[in-house]
Amino acid sequence: DQQVKQNSPSLSVQEGRISILNCDYTNSMFDYFLWYKKYPAEGPTFLISISSIKDKNEDGRFTVFLNKSAKHLSLHIVPSQPGDSAVYFCAASEVWGAQKLVFGQGTRLTINP
Amino acid sequence: ETGVTQTPRHLVMGMTNKKSLKCEQHLGHNAMYWYKQSAKKPLELMFVYNFKEQTENNSVPSRFSPECPNSSHLFLHLHTLQPEDSALYLCASSPSGSGGNEQFFGPGTRLTVL
């Protein structure tokens, strides 16, 4: 029973365009959401997070949107750059500061020049 | 060394072998984690340690035995593994308590069980 799902295993976007990565969850107790980025042969690195009291959080080219009623979040990258090519994981937890993160299976983003 | 380091980076072992994975964090954190990532599956939390004490065991089989001698080091001792245990094993660390949810990951150990 997967509580966090990333239904697109891969996504290909042209450089300069917007990349939109999606994530759905089933547990209504999730209150805090994170996005991680992973390059080959490296561990995941934290990218951006959002609390359920917000519906949007922005950090430079990265924006995360949260739709609690739909149990859906998305990560927007604009403009997309070749260095953004990586696997992106969304993760969720029931409270801020909780150590138990539930991850999605990841989406491989490829930015084409 | 900075961040979270893991050794070895690659490991091939037979089902009767005993081996250990090592993780070290240089971030001054007090919480450490083991995760397993199998092919095309989400990261699965295995164990959590806070201030050297195990606080979470996510129903992990006993053939995986963690050890946390201090807040900077974490080991995963492996014994009589099965081929389905082949996976990427990731270590992470974070501040304990009110440090937020962000966890810092090492590069992982790619384990193959023959």
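Definitions and cut-offs
Residues numbered from 1 in each chain as written. Chains lettered and ligands numbered in written order. Predicted model: local features only at pLDDT ≥ 70, side-chain atom pairs only at ≥ 80, totals over all residues. Heavy atoms only, no water. Helix = DSSP H or I, 4+ residues; strand = E, 2+ residues; numbered from the N terminus. Rg over C-alpha atoms; globule rule 2.2 N^0.38 Å. Buried < 20%, exposed > 50% of the residue type's maximum accessible area, 1.4 Å probe, protein only. Contact = heavy atoms within 4.5 Å. Areas by Shrake-Rupley, 256 points an atom, 1.4 Å probe, with all protein chains shown as cover. Lys, Arg positive; Asp, Glu negative; His and termini not counted. Charge placed at Lys NZ, Arg CZ, Asp CG, Glu CD. Buried area = accessible area lost by both parts, 1.4 Å probe. Salt bridge = Lys/Arg side-chain N within 4 Å of Asp/Glu carboxyl O. Polar contact = N/O pair within 3.5 Å; in protein donor to acceptor, adjacent residues only side chain to side chain. Phe/Tyr/Trp six-rings, centres within 6.5 Å; stacked < 30°, edge-to-face > 60°. Patch = residues over 30% accessible without salt bridge, like charges linked within 9 Å, V, L, I, M, F, W, Y side chains within 5 Å.

Visitor: When you look at the overall build of chain B in this model, what are you seeing that I'm missing?
Guide: Assigned secondary structure in chain B consists of zero helices and 11 strands. Going residue by residue from the N terminus, the α and β elements of chain B occur as β-β-β-β-β-β-β-β-β-β-β. Here the C-alpha atoms of chain B give a radius of gyration of 13 Å, agreeing with the 13 Å that 2.2 N^0.38 yields for 114 residues. Overall, chain B is about 40 × 30 × 30 Å in size when its C-alpha atoms are taken along their principal axes. Here chain B holds 114 residues, and the buried ones make up 48% of them. A separation threshold of at least 6 residues defines the contact pool for chain B, and within that pool the share at least 24 residues apart is 54%. Of the roughly 5,300 Å² that chain B leaves accessible, carbon and sulfur atoms contribute 49%. For chain B, the distance from the average site of its 10 positive side-chain charges to the average site of its 9 negative ones is 8 Å.

Visitor: I keep staring at the interface of chain B and chain A and nothing clicks. Help me out?
Guide: The extent of an interface is frequently quoted as the accessible surface area lost upon association of the parts. Opposite the 29 residues of chain B that make contact, chain A presents 22 residues. Carbon and sulfur atoms make up 55% of the area that chain B and chain A hide from each other, which totals about 1,700 Å². Linking chain B with chain A are one salt bridge. With its nearest N and O atoms 3.4 Å apart, the salt bridge here joins Glu56 of chain B to Lys100 of chain A. The tally of links between chain B and chain A comes to seven residue pairs in polar contact (both at pLDDT 80 or more). At the level of secondary structure, the elements contributing two or more residues to the side of chain B that touches chain A comprise strand S4 (31-37), strand S5 (44-50), strand S6 (53-57) and strand S9 (87-94) of chain B. The greatest single-element share of the side of chain B that touches chain A, amounting to four residues, is contributed by S4 of chain B.

Visitor: So what exactly am I meant to see when it comes to the packing of aromatic side chains here?
Guide: Any two aromatic rings considered together are summarised by their centre-to-centre distance and by the angle between their planes. With the rule as written, the count across this model stands at 10 aromatic pairs over all chains. On the basis of an interplanar angle of 90° and a centroid distance of 5.5 Å, the ring pair of Tyr36 of chain A and Phe105 of chain B is categorised as edge-to-face. You can see Tyr36 of chain A sitting in strand S4 (residues 32-38) and its partner Phe105 of chain B sitting in strand S10 (residues 104-105), one on each of two chains. Here Tyr36 of chain A matches Phe105 of chain B in class, with each residue buried. Geometrically, the ring pair formed by Phe103 of chain A and Tyr35 of chain B is edge-to-face, given 5.7 Å between the ring centres and 90° between the ring planes. Of this pair, Phe103 of chain A sits in strand S10 (residues 102-103) while Tyr35 of chain B sits in strand S4, on two different chains. Of the residues examined, Phe103 of chain A reaches a relative accessible area of 2% and is grouped as buried. With a relative accessible area of 0%, Tyr35 of chain B lands in the buried category.

Visitor: Help me understand the pattern of salt bridges, please; the structure alone is not making it clear to me.
Guide: Note that side chains of opposite charge can pair when their charged atoms are close. Here the structure, examined in full by the defined rule, presents five salt bridges over all chains. A salt bridge links Lys56 of chain A to Glu58 of chain A; the shortest N-O distance between them is 3.9 Å. A residue is classified by how much of its surface remains accessible, and Glu58 of chain A, at 51% relative accessible area, is exposed. Residue Arg63 of chain B pairs with Asp85 of chain B through a salt bridge whose shortest N-O separation is 2.7 Å. Taken together, the residues Arg63 of chain B in the loop between S6 and strand S7 (64-70) and Asp85 of chain B in the loop between strand S8 (73-79) and S9 connect sequence positions 22 residues apart. With relative accessibility at 23%, the residue Arg63 of chain B sits in the partly exposed group.

Visitor: What's the story with a nonpolar patch on the surface in this structure? I'm lost.
Guide: A surface patch of nonpolar side chains, amounting to about 230 Å² of accessible area, comprises Ile18, Ile20 and Val78 of chain A. Within the secondary structure, Ile18 of chain A is located in the loop between strand S2 (10-14) and strand S3 (19-25).

Visitor: Can you walk me through the environment of Ala31 of chain B in this structure?
Guide: Topologically, Ala31 of chain B is positioned in strand S4. Residue classification places Ala31 of chain B among the buried positions, given a relative accessible area of 0%. Once the C-alpha coordinates of Ala31 of chain B and Phe104 of chain B are considered, the two residues, 73 residues apart in sequence, prove to be 10 Å apart. With sequence-adjacent residues up to four places away left out, Ala31 of chain B is seen in contact with Gln99 of chain A together with Tyr49, Asn50, Ala92, Ser93, Ser94 and Ser96 of chain B.

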